[in-house]
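Listed here are the chains, written in short residue letters.
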Amino acid sequence: MTVFEPASAVLNRGDHGLYGKSSDTIKIAFMGGSVTYGYLPTSEDSKVDVTFCDIIIKHLHELFPDKHIEHKSLAVSGEGCMLGLMIECREIKAFKPDIVVVEYAINEDRSSGGLARFEGLIRRLIYEECSPVVLPIAVFNRSGYSCEDYMLEIAKHYGLYFCGLKSALYPLITQGELTWEYYSPDDGHPSENGHKLIGKAACAALDMIAKTEYKPMIPIKAKFGGDKFDTLHEITSKGQFFGFEKLDKDFYGVNCALKSSGNAVYRFSISCKFIAACYICSNCSSLGDAEVFVDGVRLKALQGYSIFGWDNPVTSVLLDEPKTKPREIEIKTSGEFYLAGIWIS
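Here the structure is a predicted model, which is why all the values come from computation and not from measurement. (Residues numbered from 1 in each chain as written. Predicted model: local features only at pLDDT ≥ 70, side-chain atom pairs only at ≥ 80, totals over all residues. Heavy atoms only, no water.)

Trainee: Where do I start with the overall build of the protein in this structure?
Mentor: The helix and strand tally for the protein stands at eight helices and 13 strands. By principal-axis analysis of the C-alpha atoms, the protein measures approximately 60 × 45 × 35 Å. Per-residue burial for the protein yields a buried fraction of 56% across its 345 residues. Across the protein, every contact between residues at least 6 apart in sequence was considered, and the portion connecting residues at least 24 apart equals 81%. Here the protein has roughly 14,900 Å² of accessible surface; of this, 49% comes from carbon and sulfur atoms. Positive and negative side-chain charges of the protein, numbering 36 and 45 respectively, have mean locations separated by a distance of 6 Å. (Helix = DSSP H or I, 4+ residues; strand = E, 2+ residues; numbered from the N terminus. Buried < 20%, exposed > 50% of the residue type's maximum accessible area, 1.4 Å probe, protein only. Contact = heavy atoms within 4.5 Å. Areas by Shrake-Rupley, 256 points an atom, 1.4 Å probe, with all protein chains shown as cover. Lys, Arg positive; Asp, Glu negative; His and termini not counted. Charge placed at Lys NZ, Arg CZ, Asp CG, Glu CD.)

Trainee: What exactly am I supposed to notice about the pairing of strand S5 (residues 133-138) here?
Mentor: Two faces belong to every sheet, and in a regular strand the side chains alternate between them. Of all six residues making up S5, six are buried, and the element is well covered by its neighbours. Burial of the side chains of S5 extends over both faces: Val-133, Leu-135 and Ile-137 are buried on one face and Val-134, Pro-136 and Ala-138 on the other. As paired elements, strand S4 (residues 99-103) and S5 share four bridges and run parallel to each other. Each residue of the ladder has a partner; that of Val-101, found in S5, is Leu-135. Note that the unit made of S5, helix H5 (residues 148-158) and strand S6 (residues 162-164) has a crossover that is right-handed. (Pairing = 2+ DSSP bridges. Right-handed = clockwise from strand over helix to strand, strands pointing away.)

Trainee: Can you help me understand the sheet that holds S4 in this one?
Mentor: As a general point, the strands of a sheet are linked pairwise by backbone hydrogen bonds and lie either parallel or antiparallel. Taken in spatial order, the six strands make up an open sheet running S1-S6-S5-S4-S2-S3, and their pairing is mixed. Two strands bound the open sheet, and with one partner strand each, they are strand S1 (10-12) and strand S3 (68-73). Each strand of the sheet is rotated relative to its neighbour by a mean of 25 degrees, with strand direction disregarded. Across the sheet, helix H3 (residues 81-95) is in contact with strand S2 (25-32) and S3; its angle to S2 comes to roughly 170 degrees. Where helix H8 (residues 192-211) meets the sheet, it contacts S1, S4, S5 and S6, and its direction lies at approximately 150 degrees from that of S5. (Axes fitted to C-alpha atoms, helices over the stretch in contact; angles between N-to-C directions.)

Trainee: Looking at this structure, I do not really get the layout of surface pockets. What am I missing?
Mentor: Regions of empty space are outlined by a rolling probe, equal in size to a water molecule, passed over the atoms. Estimates place the volume of the largest pocket at around 220 Å³. Lining the largest pocket are twelve residues, with Tyr-37, Tyr-39, Ser-77, Tyr-252 and Trp-310 sitting closest to its centre. Residues of the lining of the largest pocket, tallied by class, amount to six nonpolar, five polar and one charged. (1 Å grid on protein atoms, 1.4 Å probe; cavity = no way out; pocket = protein on both sides within 12 Å on 5 of 7 lines; lining within 4 Å. Points joined across faces, edges and corners; volume = space filled by probe spheres on them. Nonpolar A, V, L, I, M, F, W, Y, C, P; charged D, E, K, R; others polar.)

Trainee: Just to check I follow, could you spell out the packing of aromatic side chains for this structure?
Mentor: For any pair of aromatic rings, geometry is given as the distance between the ring centres together with the angle between the planes. One pass over the structure, following the stated rule, counts eleven aromatic pairs. Considering the side-chain rings of Phe-140 and Tyr-183, the 5.1 Å spacing of their centres and the 10 degrees angle between planes classify their relative orientation as stacked. With Phe-140 in the loop between S5 and H5 and Tyr-183 in helix H7 (residues 180-183), this residue pair connects regions lying 43 residues apart in the sequence. Of the residues examined, Phe-140 reaches a relative accessible area of 0% and is grouped as buried. Both rings, one in Trp-180 and one in Tyr-183, keep their centres 5.2 Å apart while their planes meet at 55 degrees; by these two values the pair is tilted. With a gap of three residues between them, Trp-180 and Tyr-183 both fall in helix H7, about one helical turn apart. Residue classification places Trp-180 among the buried positions, given a relative accessible area of 5%. (Phe/Tyr/Trp six-rings, centres within 6.5 Å; stacked < 30°, edge-to-face > 60°.)

Trainee: Just to check I follow, could you spell out the side chain of His-59 for this structure?
Mentor: Within the secondary structure, His-59 sits in helix H2 (residues 52-63). The buried category is assigned to His-59, whose relative accessible area is 15%. The residues contacting His-59, other than those within four sequence positions of it, are Cys-203, Leu-206 and Asp-207.

Trainee: I'm lost on empty space enclosed by the protein in this one. Help?
Mentor: A full pass over the atoms with the stated rule returns two cavities of 30 Å³ or more. The volume enclosed by the largest cavity comes to roughly 60 Å³. When residues of the lining of the largest cavity are traced back to their parent elements, those giving at least two are H3 and strand S9 (254-281). Counted by class, the lining of the largest cavity contains five nonpolar, two polar and two charged residues. One number sums up the size of the second largest cavity: a volume of about 30 Å³. If you go around the second largest cavity, the residues you meet are His-16, Gly-17, Ser-131, Pro-132, Val-133, Tyr-214, Lys-215 and Met-217. The residue inventory of the lining of the second largest cavity, partitioned by class, reads four nonpolar, three polar and one charged.

Trainee: What's the story with the environment of Ala-155 in this structure? I'm lost.
Mentor: With respect to the element layout, Ala-155 can be found in helix H5. Ala-155 sits in the buried class, given a relative accessible area of 1%. A sequence separation of 88 residues divides Ala-155 from Gly-243, and the C-alpha atoms of the two residues are 45 Å apart. What Ala-155 contacts, discounting residues up to four positions off in sequence, is Asn-12, Leu-160 and Phe-162.

Put into structure tokens, the structure is as follows:
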């Protein structure tokens, strides 16, 4: 196999690191999809034994032997940056990480909306009070699909370190110097060898981050419209509930807030320009749909049942308009339905 140089995957050297940050503990959070989770369809328990996250954690112990290392996985399979934004609202402020690794490059779409969502997530992370170092990692699938290029542009805009595995590895595969089967047994989930390659690239970036001076981020203007998520917040506990029961149940890393067992209505009035929902999709035939109405107009249906569902969290943007104004929102369910939450800005 061709020798892979991990530093070749560090496509941008950032302005913000950990050098000089005084703390006895380093906390790291991992955000992403099934790659970050470590999903591997060919293994007995559907998970690789050692993920790139495990490799990063081990390397942090080596870099900072006198510090306590705490880690938190916020990876959820099957979703992109919209779910990342929702998880950020719920989890990051409480955990107060020093480092956040972000991997959504094959879960996100290459659109203006995808650009805005990724930039919005990056902005929310770097401007948190704990001011973490944010390290985006972009992987790729068998066809070469990746959002690496536009994610790199956003990393450069905010002065972040960035790991691009497509730029570093995909040419080796297309030139026959590295086989796809060495990296992945399917269309995009890395094998243990694939995770080792990703982990080595991330560790090369961490070596640089450890030597780069720590300094809080100074807010700058958004480049791709991501600032519309600066005020994103959850409002699930607000409004009127008819036929819903409160729930505290975890679905693959996402806590579900409300459950209906039949016809139910969730109604609220609020001023906003953006609304998104997270709900659970299952292949259980008892699950039904939810219809969403804004100002009396039916916008869409949220499908709780799908033959492809596996009790997985799904996000849906319900409203995305340029101006804030008062809204009347109503969500009507039929059958069993699990609503994880509602977020607005």
